[in-house]
Amino acid sequence: MSAALPTDIRDRIRQKIWAKADELDWPRISDVERTTWYENWTKDKDVGGVLSHFMDARKVRVYIKDSLLKPYLRSRLQDGWGRVLLAIGMEQGDASSTKSYDKPHGRQLPDGRIICWGNSREWKSILISVFERAYRIEAGIPYAVVLMETGNTTNAGMREMILDASQRLGVRHLAWID
């Protein structure tokens, strides 16, 4: 069946999955654990069973991953601006922004400083984004990168490499939120 998914059903399933993702601390679990949960939800009669009435059963897992959990991760990161500021030693009053970015999250401050943040598993794209965004504006400064630790960059050697890369790109502050 390929009928459109009714809003009330989508919202009910999203609430169930997001609640479980909060409980699991989704950003910090491994890819293997995520795969297990995708399978669990796909086989769950109240999730995958319901979704398969509105889409090809082979597309249910992709729908859960792309349409429900990617927005979940984005919303959780977007809510983190206050934590980002604390991590780099700034106060809310000092950080009014003139522009916001998504994928990865970021803000441009009035003086041209760029701050980007996201999960540590995406450290490469976050570092490049802060550099690229600053490069594209006049007097842009790749000011800060804040990485929310997801278990992928806890190794001291890995963190040293990321710090070195950030310095080479001109990033003035690099911080982790564990």
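Residues numbered from 1 in each chain as written. Predicted model: local features only at pLDDT ≥ 70, side-chain atom pairs only at ≥ 80, totals over all residues. Heavy atoms only, no water.

Bringing the packing of aromatic side chains into the picture now. Evaluated as defined, the whole model comprises six aromatic pairs. Relative to W41, the ring of W26 has its centre 5.6 Å away and its plane inclined at 40 degrees; by these criteria the two rings are tilted. Within this pair, whereas W26 is found in the loop between α1 (7-24) and α2 (31-43), its partner W41 is found in helix α2, the two being separated by 15 residues in sequence. Comparing W26 with W41 shows no difference in burial state: the two are buried. Between the aromatic rings of W81 and W117, the centroid separation amounts to 5.2 Å while the plane-to-plane angle is 35 degrees, which identifies the pairing as tilted. Placement of the pair is W81 in helix α5 (residues 81-87) and W117 in strand β3 (residues 113-119), with a sequence separation of 36 residues. Judged by relative accessible area, which is 6%, W81 ranks as buried. Of the aromatic side chains, those joined through ring pairs into one cluster are W26, W37, Y38 and W41. Seen from the ring of Y143, R113 lies directly overhead, with NZ or CZ sitting 4.7 Å from the centre. (Phe/Tyr/Trp six-rings, centres within 6.5 Å; stacked < 30°, edge-to-face > 60°. Helix = DSSP H or I, 4+ residues; strand = E, 2+ residues; numbered from the N terminus. Buried < 20%, exposed > 50% of the residue type's maximum accessible area, 1.4 Å probe, protein only. Lys NZ or Arg CZ within 6 Å of the ring centre and 35° of its normal.)

In this structure, I13, I17, W26, W41, L51, I64 and L69 are the most contacted members of the largest nonpolar core, which totals 22 residues. Those elements that place two or more of their residues in this core are α1, α2, α3 (48-51) and α4 (60-78). If one sorts the elements of this core by residue count, α4 sits on top with seven residues. L77, W81, I88 and W117 belong to the second-largest nonpolar core, a separate cluster that totals 17 residues. (Core = buried A, V, L, I, M, F, W, Y, C linked by side-chain atoms within 4.5 Å.)

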